[in-house]
Amino acid sequence: MNTATSTGPSQAPAMSPRTRKLLQGAIVPTLVGMAWPNILVMSAQASTGLIETWWVSHLGTDALTGMALVFPGFMMMQMISGGAMGGGISSAIARALGAGRNHDANALVMHAIMINVALGLMFSILMLTFGRPLYVAMGGQGRSLDAAMLYSNVVFGGTVLVWLMNALASTIRGTGNMFIPAMAICIGVVVLIPLSPALIFGFGPIPAMGIQGGGLAVIITNVMTGLLLAWYILPGRSVVRIRRAALQWRMFSEILRVGAVGAVSTLQTSLTILLTTALVGAAAGPDGIAGYGTGGRLEYLLIPLVFGFGGPMVALVGTNIGAGQPERALRIALTGGALAFLLTETIGLAAATWPYAWLGLFGHDPRMLQIGAAYLRAAGPAYGFFGLGLSLYFASQGAGRLMWPLLAGLCRMLIAVGGGGLALHLTGSLHWLFGFLAAALIVYGVMLAIAVKSGVWFRAKPPAHQPEPADDGRCVRGEAIVRA
C-alpha cells in the first residue's frame, strides 16, 4: 500500500524544501532558476564536441569527415543515456518524491545504475562490431573511413563509463538539483580544454595520438565527472541515496516505461540525421558529408541547450503529476516550451544570416562551406520549432506519457528522409533536400505543441481547481488521472 495514501497527516513523510519548491514555487522564476545552471552545463557538455572538432580539424579534411561520420552515433548514445534513459530516471524519482514515496526514490537509484551500465555495455558491443559497415553505408571511404574507425573504437570502447556518469547525473536532476551536475560537468570541460590537444598532438612525455587522442580525452573527462557525482551522492548529500534494496521489476518498469520509449524517439532523431547524411554523401561525396555534418552539428548543439530547460521540466512536471497537480504541470510545460522556442529560434536565425561564422571555425574548404551554408540557410529559421518540440518531449517524460513525441518524431523522419530523398532524386538539388529538413522540424514542433496543449497527457479534463500541497508536507497522489 502506498505510504502517501495510507498514513495520516501526522505520519506523512517529511517533504524536503527542494521538493516543496517544485510544487509551490512561482513557475517562471522556479523554471529559470533551475534552468540557468543546466543550460550552463549542457552548453559546456556540448562544447566538448566543438572543442574536439576544432582541434581535429587541424589534422585535415579526412579527419574532419571521419568525425562527421562518427558524431551522429556518439550523440545518439549521449542522447539516449542522458536524455531518454536519463529522463526516465529523473521522471521516476521526481514522481516518487512528489507522491511522498521517499523509500521508492532511494531504491530507484540502484535500479537506474544497473539499467544504464547494462545498456552501455550493449551499445559498446554493437558499435565495436558494426561500426565500420555503418560508416561505409553513410558514405565513408578511404582515409576518412580509417579516421572514423580510429575515433569510433576509442569513444565506443569506453561508452559504458559515459552511461554510468549520466545515470548519476540524472538521479540528482530528478530531485530538482541542477547545480551539482552542472558544476561537475563544467569541471570536466575545463580539464578537456588542455587535455584534448595534448593527447591529439602530443605534449612533453605524452605521445601524439592523432584523432584517437581526441576520443580518449572525452572518455577521461567523463570518468572524472562521474567520480565527482558519486562523491556527492554516496555520503548522503543528495535528497536521494544509493541504498541496497531487493531488485523489483516495478522499479525497473518505472524507469523503462519512460526511458525505453524515449530511446525510440531518440533513435528516430539520430536515424533521421544518419539517413540524411547518407543522402548528402551519395549526392556530394566526402566534402558534402563534411559540410552538412559541420552545419548539422549546430542542430545537435541545440539538443543540450534545450535540455537546459528540459531537465528542470522533467523534475517539475514529474513532481507535480505525482502530487496530483496536473494543471500546474501543463502550465510548466507550455511555459518551458515558449522559452525554448525563443532561445533556439534566435540561434537558428543567426546561423542562417551568418552561416560562415559557424562553418569557418572548422574548415575553409570551399565545397564544405558551400554545402554547410546551404543547409543552415534552409534549416536555421526552423530551429525554434525543433526547440519547442524537444522541450515538450522532455516535459512529456516528466508526465510519463511519450506517445505523441514518438508520433511527432516519426512524422519528422518521414518528411525529412522520405520527402527529402524523393526531392533530391527528382531534382538532384541539395537545396530541396534541406528545404524538406526544415519543413520536418516545423511539423515536429507544431504537432507536439498542439497535442500537449489539448491535454493528451490526461484521461479526462483536470478539475478546475487542484489544491496546492499543504505546508505540513502532505501530498495527494494524482497519477491515476493520467493516461498514455
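Rules used throughout
Residues numbered from 1 in each chain as written. Predicted model: local features only at pLDDT ≥ 70, side-chain atom pairs only at ≥ 80, totals over all residues. Heavy atoms only, no water. Helix = DSSP H or I, 4+ residues; strand = E, 2+ residues; numbered from the N terminus. Buried < 20%, exposed > 50% of the residue type's maximum accessible area, 1.4 Å probe, protein only. Contact = heavy atoms within 4.5 Å. Areas by Shrake-Rupley, 256 points an atom, 1.4 Å probe, with all protein chains shown as cover. Polar contact = N/O pair within 3.5 Å; in protein donor to acceptor, adjacent residues only side chain to side chain. pLDDT = per-residue confidence, 0-100. Patch = residues over 30% accessible without salt bridge, like charges linked within 9 Å, V, L, I, M, F, W, Y side chains within 5 Å. Salt bridge = Lys/Arg side-chain N within 4 Å of Asp/Glu carboxyl O. Phe/Tyr/Trp six-rings, centres within 6.5 Å; stacked < 30°, edge-to-face > 60°. Axes fitted to C-alpha atoms, helices over the stretch in contact; angles between N-to-C directions. Parallel < 35°, antiparallel > 145°, perpendicular 65-115°, else oblique. Left-handed = near helix turned anticlockwise from the far one by under 90°. Expected span 1.5 Å × (residues − 1). Core = buried A, V, L, I, M, F, W, Y, C linked by side-chain atoms within 4.5 Å. Nonpolar A, V, L, I, M, F, W, Y, C, P; charged D, E, K, R; others polar.

**A closer look at the overall build of the protein chain**
When its secondary structure is counted, the protein chain shows 16 helices and zero strands. Within the protein chain, buried positions represent 60% of all 484 residues. The long-range share in the protein chain, meaning contacts at least 24 apart out of those at least 6 apart in sequence, stands at 84%. Working note: accessible area of the protein chain is about 18200 Å², and carbon and sulfur atoms make up 70% of it.

**Side note on the side chain of Asn 116**
Note on placement: Asn 116 falls in helix α5 (residues 102-137). Asn 116 gets classed as buried once you look at its relative accessible area, which sits at 0%. From its side chain, Asn 116 meets the backbone oxygen of Trp 163 in a polar contact 3.0 Å long. Excluding residues that lie within four positions of it along the chain, Asn 116 makes contacts with Ser 81, Met 85, Ile 89, Trp 163, Asn 166 and Ala 167.

**Let's talk about the confidence of the model for the protein chain**
The share of residues in the protein chain with pLDDT of 70 or more is 89%, and the mean pLDDT across the chain is 82. Within the protein chain, the element-level pLDDT minimum falls on helix α1 (residues 3-6), averaging 40, and the maximum on helix α16 (residues 430-453), averaging 94. Scored below 50 in pLDDT, residues 1-12 makes 14 contacts in the model with residues more than four places away or belonging to other chains. This stretch, residues 460-484, has a pLDDT under 50; its non-local contacts, to residues over four places away or in other chains, come to 67 contacts.

**Concerning a nonpolar patch on the surface**
Residues Trp 36, Leu 40, Phe 179, Met 183, Ile 187 and Leu 228 make up a contiguous nonpolar surface patch of about 560 Å² in total accessible area. Elements that contribute at least two residues to the nonpolar patch include exactly α3 (27-57) and α8 (179-201). Among the secondary structure elements, Leu 40 is positioned in helix α3. For Leu 40, a relative accessible area of 45% corresponds to the partly exposed category.

**Let's talk about the packing of aromatic side chains**
Under the definition given, this model contains 10 aromatic pairs. Between Trp 55 and Phe 201, the aromatic rings sit 5.9 Å apart at their centres with planes inclined by 65°, giving edge-to-face as the arrangement. Here Trp 55 is found in helix α3, whereas its partner Phe 201 is found in helix α8, with 146 residues between them in sequence. The class of Phe 201 is partly exposed, set by a relative accessible area of 35%. Judged by centre distance (5.6 Å) and plane angle (80°), the rings of Tyr 375 and Phe 434 are edge-to-face. Taken together, the positions of Tyr 375 in helix α13 (residues 366-379) and Phe 434 in helix α16 put the pair 59 residues apart, joining distant regions of the chain. For the pair shown, Tyr 375 and Phe 434 are each scored as buried. Taken together, the ring pairs connect Phe 74, Phe 123, Phe 156 and Trp 163 into an aromatic cluster.

**Description of the packing of helix α14 (residues 383-399) against α16**
The geometry of α14 relative to α16 is characterised by a closest axis approach of 7 Å and an angle of 40° between their N-to-C directions. In terms of axis orientation, α14 runs oblique to α16. The two elements α14 and α16 cross, and the hand of that crossing is left-handed. Only Leu 441, Ile 442, Tyr 444, Gly 445, Val 446, Leu 448, Ala 449 and Val 452 of α16 make contact with α14, whose side of the interface consists of Tyr 383, Phe 385, Phe 386, Leu 388, Gly 389, Leu 390, Leu 392, Tyr 393 and Ser 396.

**With respect to the environment of Ala 374**
Within the secondary structure, Ala 374 is located in helix α13. The spatial distance from the C-alpha of Ala 374 to the C-alpha of Pro 355 is 8.5 Å, given a sequence separation of 19 residues. Aside from chain neighbours lying at most four places away, what touches Ala 374 is His 431 and Phe 434.

**Considerations on the pattern of salt bridges**
The tally for this structure, following the rule as stated, stands at four salt bridges. The structure contains a network of salt bridges with shared partners spanning Arg 101, Asp 104 and Arg 250.

**Topic: the environment of Ala 382**
With respect to the element layout, Ala 382 can be found in the loop between α13 and α14. The class of Ala 382 is buried, set by a relative accessible area of 3%. In this structure, the C-alpha to C-alpha distance between Ala 382 and Leu 441, residues 59 residues apart in sequence, is 6.1 Å. Setting aside chain neighbours within four positions, we find Ala 382 in contact with Glu 345, Ala 438, Leu 441 and Ile 442.

**Considering helix α7 (residues 159-174)**
Its 16 residues give α7 an end-to-end C-alpha distance of 23 Å, which sits within 8% of 22 Å, the value for a rise of 1.5 Å per residue. For α7, the tally of buried residues reaches 13 of 16 residues, placing the bulk of the element in the interior. Of the residues flanking the end of α7, it is Gly 176, one or two places downstream, whose phi is positive at about 95°.

**Structural notes on the nonpolar core**
Tyr 135, Phe 156, Phe 434 and Trp 457 are the most contacted members of the largest nonpolar core, which has 135 residues in total. Looking at this core element by element, the count peaks at 27 residues for helix α10 (residues 249-322).

**Notes on the packing of α7 against α8**
Relative to each other, α7 and α8 sit at 150°, their axes nearing to 8 Å. Classified by the angle between their axes, α7 and α8 sit roughly antiparallel to one another. Packed against α7, whose contacting residues are Ala 169, Ile 172 and Arg 173, the element α8 presents Ile 180, Pro 181 and Ile 185 at the interface. Per-class residue counts for the contact of α7 with α8 are five nonpolar, no polar and one charged.

**Some words on α14**
Note: α-helices contain 3.6 residues per turn, so residues at a spacing of three or four share the same orientation. The terminal C-alpha atoms of α14 lie 25 Å apart, and with 17 residues this matches the ideal 24 Å at 1.5 Å per residue to within 8%. Among the 17 residues of α14, 16 are classified as buried, and the element is accordingly described as predominantly covered.

**Details of the environment of His 431**
Here His 431 is to be found in helix α16. In this structure His 431 comes out as exposed when scored by relative accessible area, which is 57%. Considering only alpha carbons, one finds His 431 and Tyr 375, 56 residues apart in sequence, at a separation of 7.4 Å.

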